[in-house]
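So you can see what is in the structure, the chains are spelled out below.
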2 protein chains.
Amino acid sequence: MGTVSNQLSYPLDLVALRPKNGAPLHRQLCDQLRELILEGAVPAGTRLPSIRAFAGELAISRNTVIAALDQLAAEGLLESRRGSGTHVSAAVPVAQPSGPAPAGARAELSRRGELMTAQPRVRTFPGRTAFHPGTPELAEFPFKTWSRLLSRRARFGGEDLFGYHYISGHPELRDVIASFLSAMRRVRCSPEQIVVTTGGQAALDLLARLLLAEGDTVWMEEPGYLGARAAFLGAGARLSPLTVDRDGWRVPADPKSPPRLIYLTPSCQHPLGITMPLEQRLAVLEVARAANSWVIEDDFDGEYTFRGQPLPSMQGLTDNPRVIYVGTFSKTLFPAIRLGFIVLPPDLADRIKPAISNTGQFAPLVLQAALADFIEQGYFFRHLNRMRRLYGRRRAVFLTLLDDHLGPWLAPIDGRTGIQLAAPFRAPIDDHAVVDRAAAAGINLAPLSVYFAGKPSMSGLLMGYAGVAEGEMRLLVPRLKRIFEDIDPRMVDEAIS
Amino acid sequence: MGTVSNQLSYPLDLVALRPKNGAPLHRQLCDQLRELILEGAVPAGTRLPSIRAFAGELAISRNTVIAALDQLAAEGLLESRRGSGTHVSAAVPVAQPSGPAPAGARAELSRRGELMTAQPRVRTFPGRTAFHPGTPELAEFPFKTWSRLLSRRARFGGEDLFGYHYISGHPELRDVIASFLSAMRRVRCSPEQIVVTTGGQAALDLLARLLLAEGDTVWMEEPGYLGARAAFLGAGARLSPLTVDRDGWRVPADPKSPPRLIYLTPSCQHPLGITMPLEQRLAVLEVARAANSWVIEDDFDGEYTFRGQPLPSMQGLTDNPRVIYVGTFSKTLFPAIRLGFIVLPPDLADRIKPAISNTGQFAPLVLQAALADFIEQGYFFRHLNRMRRLYGRRRAVFLTLLDDHLGPWLAPIDGRTGIQLAAPFRAPIDDHAVVDRAAAAGINLAPLSVYFAGKPSMSGLLMGYAGVAEGEMRLLVPRLKRIFEDIDPRMVDEAIS
């Protein structure tokens, strides 16, 4: 109104309330004034118009003005001085720096951060499972049962289930894991040795940090599992390749530099899919004992054995407590469940708790409890057995299709385990090129060469067959053939002739 | 039978099958023979009796024997030599070492591992929530709704939900988080900047590893959040204390060694419960800009503000992209949900994916999807508002009870936020002693001194009041009084006089 001097009404000119904006008017006023103050448009020390002036000028109620100014006072932006009205607080700096931020371009990480973010990953394409490695058949999972169990535990969890207790895992789940590992994998363990994690990868990451110091030597399978390699590199380790080929692990009898840690996927080598023969297992255990090394037995895909029974675990072969067993439910249930576990030597299982707590690598208890029910009530093994039969059929069909259509190019390694198949090329072809072409044609593959840290000794494909129905296989494998013909026309002639 | 020589029947003497044991006989035979071979009781090269001899001596069928021996052959323990029957494989070592394992006592970890496992933790007692710090009221959580949403997503998840995609978080959840952060916390962000993690602690752990190198200086609040401190120490940082007391953060105007990272809980300081005044926020932001430091704004408990509105985030106060915002759902939903999030500068949000993947610190997609529904359908904010009202009432009652009964000993810090209350002692008493006595009396407290990395400048208690009904408070606070009277009889006289 007329009594408001030009100078005093100045912030009011900059305010524009929109009654139909949806946000309450006091909120709008508060937000706009805050912006003006922090941008420096209304500098520190400025005296604000009276509440009456605000209300009149902006055609709003006095209560609206009071609510807005109170909030800004609570935030420290305004202060009331007895007898001289409301001012913009002296604490507000003259102007916020508004130039481009120094790190506007590329954020600078630590050396470890650069290493961790530079690790290769196998690309995935949502919606296309064929033939993404490591993908189980999700359509066959009993989600109805699972969601019933989950829902029951979510509803009746009780406070124990929702508190910060049970850092090492839900007691019921640790119990059932210990008993099936003893019975089925001949792992020597009690429930106290089990630590539940947010998946197998979290287990490897946690172990790497606990066991490895900067510069420690790790024997890493070559080719090998990318996630394990990344975990060891992230912990500062120096990797020493343990060569694996069709014939197995080339365990050096008399290693020059004794390893601090040996990483193995003996049940089903990742990515080659072969099983480690007993004498090689014993040879590694001997090296580990002599060098006092840690051994991580990543029992990858051992559940899916298609000829004979699975070999017992290495952990159960020895009384050396430095053999640590790691397992996951990603392949036997579904990847997004994010539940895995570690079998630790007893003293470590107890000591590890602060580390689990402070890395946050422990899994939601309600999921753990539901999984305990799922296993205890028999659903887990029923599902596993059904899938073993299904995958066995699919594997046979897939191998036949590969032979029929891609025989000139691929020489699949027919191990007896696993839900993926490694197929080295018969002649050198750039496997990345094949993978790119396949992706463009809606097919999801991984290049074998990516699993080598050093110069790849083979190129080829890693293919998950478990999640692909036979009909789809019959459609897609011929499509792959056309890609090969395209890339390698020389082979077409040979194939025809 | 009579034709089996004594020597050849020798392993058979050691086998004892139990038809009623439950396990199939071929499995029992296989397991026992394996044990005998691996223990060295049946050495390498030993020729086994014939299948007929086995069957006759043990009174089992030939097929049972064949199944057992086939399995052991597949495991590499037995080998058949043409014309000379089945032998224990030459690869089996003469005897497994059976002495005590070298590391039988205490497993030797890396220096980092020792550090990570040596971090202090606040003890918890399952079943006793009163007055465990940081515990929300679980009885009021709409578990029925939650389990319905969870169950629906678990059932109709589709393959996208169960695959390895969406490493940075479920797209729907990232959307809703970005929009409520913009609206309610004035965080400047798009959904692409959100990374969902397995809780706030996982977020801190991941950031520490990405941003910090060995020896980097971190400004850590003193007293401060144990989990953050552990994460920074685990990443090799050197901690420089940023003193906090009743009056706020003592931000050095001209820091000697510029920090690489500054960690703050400005909405609700952990453990003191105070809110960072604007001028201190601006002062820290100025230091960060000058030193090009990272700032982690851990927006702990800001949702629970009991007087006025919550202050807007620091991230929204500045255009410096090096201010990283971290949030969690542990306090607003329930601790065991294990879901948190980070708001990163845009370029980092994209680059971080391999690190999330390789640390396994990403949360189950089905939980993420259910949470997105829970927020989008309004349940989250309805719950939050109900809890804010409930906790406001409980807070007032609790403060009155503390004043009435424990006034002579405690001087609570009445900040305006948070679901826990810090109460320094008026006179020096050993807070660990009080906590131990309280635990014995069924009361769950944390000693304030534990939150200091250096020499504690105060002792006292940290108490969670949010999860405790008023009736229980009225019962337990007098019980605490008796503990104080017991420990500090001098005070009783003063209190009476």
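Residues numbered from 1 in each chain as written. Chains lettered and ligands numbered in written order. Predicted model: local features only at pLDDT ≥ 70, side-chain atom pairs only at ≥ 80, totals over all residues. Heavy atoms only, no water.

K.L.:
Help me understand the domain arrangement of chain A, please; the structure alone is not making it clear to me.
P.N.:
By convention, interface size is frequently given as the accessible area that disappears when the constituent parts associate. All names here are of chain A. One can read the domain layout of chain A as domain 1 (2-88), domain 2 (114-122 + 143-377) and domain 3 (381-496). With 33 residues of domain 2 in contact, the opposing surface of domain 3 contributes 31 residues. Both faces combined, the contact of domain 2 with domain 3 buries some 2800 Å², and carbon together with sulfur accounts for 61% of it. Ranking the residues of domain 2 by area buried against domain 3 places Arg246, Tyr304 and Phe306 at the top, with a combined share of 23%. Taken together, domain 2 and domain 3 are joined by 0 salt bridges. Here domain 2 and domain 3 share 11 residue pairs in polar contact (both at pLDDT 80 or more) between them. Along the lines of polarity and charge, the residues of the side of domain 2 that touches domain 3 split into 16 nonpolar, 10 polar and 7 charged. (Domains from an automatic or database assignment. Contact = heavy atoms within 4.5 Å. Buried area = accessible area lost by both parts, 1.4 Å probe. Salt bridge = Lys/Arg side-chain N within 4 Å of Asp/Glu carboxyl O. Polar contact = N/O pair within 3.5 Å; in protein donor to acceptor, adjacent residues only side chain to side chain. Nonpolar A, V, L, I, M, F, W, Y, C, P; charged D, E, K, R; others polar.)

K.L.:
Looking at this structure, how should I read the pairing of strand S10 (residues 340-343) of chain A?
P.N.:
On a regular strand, one side chain projects to one face of the sheet and the next to the other, so that they alternate. Residues and elements named next belong to chain A. Residue alternation in S10 divides its side chains into two sets, Gly340 and Ile342 and Phe341 and Val343, and both sets are buried. Pairing geometry for strand S3 (residues 194-197) and S10, over 4 bridges, is antiparallel. Following the sheet pairing, Val195 is matched in S10 by Ile342. The pairing of strand S9 (residues 323-328) with S10 spans 4 bridges and is antiparallel. (Buried < 20%, exposed > 50% of the residue type's maximum accessible area, 1.4 Å probe, protein only. Helix = DSSP H or I, 4+ residues; strand = E, 2+ residues; numbered from the N terminus. Pairing = 2+ DSSP bridges.)

K.L.:
Help me understand the packing of aromatic side chains, please; the structure alone is not making it clear to me.
P.N.:
Geometry of an aromatic ring pair is reported as the spacing of the ring centres plus the angle between the planes. Residues and elements named next belong to chain B. Inspection of the entire model under this criterion finds 44 aromatic pairs over all chains. With a centroid separation of 6.5 Å and an interplanar angle of 90 degrees, the aromatic rings of Phe180 and Phe341 are classed as edge-to-face. Taken as a pair, Phe180 in helix H8 (residues 171-185) and Phe341 in strand S10 (residues 340-343) lie far apart in primary sequence, 161 residues in all. With respect to burial, Phe180 and Phe341 carry one shared label: buried. (Phe/Tyr/Trp six-rings, centres within 6.5 Å; stacked < 30°, edge-to-face > 60°.)

K.L.:
When you look at the nonpolar core in this model, what are you seeing that I'm missing?
P.N.:
Ranked by internal contacts, the top residues of the largest apolar core, which has 145 residues, are Phe131(A), Trp146(A), Phe329(A), Phe131(B), Trp146(B) and Phe329(B). Per element, the largest residue contribution to this core is 12 residues, and it comes from helix H15 (residues 379-406) of chain B. (Core = buried A, V, L, I, M, F, W, Y, C linked by side-chain atoms within 4.5 Å.)

K.L.:
Before we go on, may I ask you to explain the confidence of the model for chain A in this structure?
P.N.:
Low-pLDDT portions of the prediction should not be read for the details of their coordinates. Residues and elements named next belong to chain A. Confidence in the prediction for chain A averages 86 pLDDT; 90% of positions are at 70 or higher. Of all the helices and strands in chain A, helix H18 (residues 489-496) carries the lowest mean pLDDT, 55, while strand S7 (residues 261-264) carries the highest, 98. Counting interchain partners and residues more than four positions distant, the pLDDT-below-50 stretch residues 1-8 has 7 contacts. Within the model, the stretch residues 94-104 combines pLDDT values under 50 with 20 contacts to residues more than four positions away or in other chains. (pLDDT = per-residue confidence, 0-100.)

K.L.:
So what exactly am I meant to see when it comes to the pattern of salt bridges here?
P.N.:
Should their charged atoms come close, side chains of opposite charge can pair. Applying the stated criterion across every chain yields a total of 44 salt bridges over all chains. A salt bridge links Arg34(A) to Asp31(A); the shortest N-O distance between them is 3.0 Å. You can see Arg34(A) and its partner Asp31(A) sitting in helix H2 (residues 25-39), 3 residues apart, about one turn around the helix. According to the relative accessible area criterion, Asp31(A) is partly exposed, its value standing at 21%. In this structure, the salt-bridge partner of Arg351(B) is Glu114(A), at a minimum N-O distance of 3.4 Å. One end of the pair, Arg351(B), is in helix H12 (residues 346-351); the other, Glu114(A), is in helix H5 (residues 111-117), on a second chain. Judged by its relative accessible area of 29%, Glu114(A) falls in the partly exposed class. In this structure, a network of salt bridges that share partners links the residues Arg152(A), Arg153(A), Glu172(A) and Asp373(A).

K.L.:
Is there a simple way to think about unusual backbone geometry in this case?
P.N.:
A negative phi angle is the norm for most residues apart from glycine, just as the trans form is the norm for most peptide bonds. For the peptide bond that leads from Glu222(A) to Pro223(A), omega is 0 degrees, which places it in the cis range. Checked against the element boundaries, Pro223(A) lands in the loop between strand S4 (217-222) and helix H10 (226-234). Cis geometry is adopted by the peptide bond preceding Pro271(B), which originates at His270(B) and carries an omega value of 10 degrees. With respect to the helices, strands and loops of the structure, Pro271(B) is situated in the loop between strand S7 (261-264) and helix H11 (278-291). Unlike most non-glycine residues, Asn292(A) shows phi in positive territory, near 55 degrees. Inspection of the secondary structure puts Asn292(A) in the loop between helix H11 (278-291) and strand S8 (294-298). With phi around 60 degrees, Asp301(B) is a residue other than glycine that occupies positive phi space. Its place among the elements puts Asp301(B) in the loop between strand S8 (294-298) and strand S9 (323-328).

K.L.:
So what exactly am I meant to see when it comes to the environment of Leu399(B) here?
P.N.:
Residue and element names in this part refer to chain B. Relative to the helices and strands, Leu399 resides in helix H15. The sequence separation of Leu399 and Arg155 amounts to 244 residues, and the corresponding C-alpha distance is 46 Å. In contact with Leu399, not counting residues within four places along its chain, are Pro412, Asp414 and Leu421.

K.L.:
Just to check I follow, could you spell out helix H6 (residues 143-155) of chain A for this structure?
P.N.:
Three or four residues apart is the spacing at which side chains of an α-helix point the same way, because the helix has 3.6 residues per turn. Its 13 residues place the ends of H6(A) 18 Å apart at the C-alpha level, agreeing with the 18 Å of an ideal helix rising 1.5 Å per residue. For H6(A), the set of buried residues is Phe143(A), Thr145(A), Trp146(A), Ser147(A), Leu149(A), Leu150(A), Ser151(A), Arg153(A) and Ala154(A). (Expected span 1.5 Å × (residues − 1).)

K.L.:
Any chance you could explain helix H10 (residues 226-234) of chain B here in plain terms?
P.N.:
All names here are of chain B. Judged by how many residues are buried, H10 sits mostly within the fold: 8 of 9 residues are covered. Turning to H10, its buried residues are Leu226, Gly227, Ala228, Arg229, Ala230, Ala231, Phe232 and Gly234. Phi turns positive, to about 90 degrees, at Gly236, one or two residues after H10.

K.L.:
Just to check I follow, could you spell out the packing of H15(B) against helix H17 (residues 470-487) of chain B for this structure?
P.N.:
To characterise two packed helices, one gives the angle between the axes of the helices and the distance between these axes. Residue and element names in this part refer to chain B. Packing of H15 against H17 brings their axes to within 10 Å, and their N-to-C directions diverge by 25 degrees. Taken together, the axes of H15 and H17 are roughly parallel relative to one another. The two elements H15 and H17 cross, and the hand of that crossing is right-handed. On the side of H15, the interface is formed by Arg393, Arg394, Val397, Phe398, Leu401, Leu402, His405 and Leu406, while H17 contributes Glu470, Met473, Arg474, Val477, Pro478, Leu480, Lys481 and Phe484. Within the contact of H15 with H17, the residues separate by chemical class into 10 nonpolar, 1 polar and 5 charged. (Axes fitted to C-alpha atoms, helices over the stretch in contact; angles between N-to-C directions. Parallel < 35°, antiparallel > 145°, perpendicular 65-115°, else oblique. Left-handed = near helix turned anticlockwise from the far one by under 90°.)

K.L.:
Teacher, can you tell me more about the sheet that holds strand S13 (residues 460-464) of chain B here?
P.N.:
By way of backbone hydrogen bonds, the strands of a sheet pair with one another, either parallel or antiparallel. Residue and element names in this part refer to chain B. In spatial order, the strands read S11-S13-S12; together these 3 strands make up an open sheet with antiparallel pairing. A strand with exactly one partner marks an edge of an open sheet, and here the two such strands are strand S11 (420-424) and strand S12 (446-447). For S12 and S13, the ladder comprises 2 bridges, and the chain directions are antiparallel. Opposite Ala446, over in S13, you have Leu462 as the bridge partner. Sheet contacts for H15: S11 and S13; angle to S11, the most-contacted strand, approximately 20 degrees.

K.L.:
How do you make sense of the side chain of Gln361(A) when you look at a structure like this?
P.N.:
Residues and elements named next belong to chain A. Along the chain, Gln361 turns up in the loop between helix H13 (353-359) and helix H14 (365-376). Exposure remark for Gln361: the relative accessible area of 0% places this residue in the buried category. Reaching out from Gln361, the side chain makes a polar contact with the side chain of Asp205 at a distance of 2.8 Å.

K.L.:
It is not clear to me how the environment of Asn358(B) should be interpreted in this structure. Could you clarify?
P.N.:
Looking at the secondary structure, you find Asn358(B) in helix H13 (residues 353-359). For the pair formed by Asn358(B) and Arg186(B), sequence separation is 172 residues and the distance between their alpha carbons is 32 Å. Every residue in contact with Asn358(B), bar those within four places of it in the chain, is listed here: Gln119(A), Gln201(A), Asp205(A), Leu226(A), Gly227(A) and Ala230(A).

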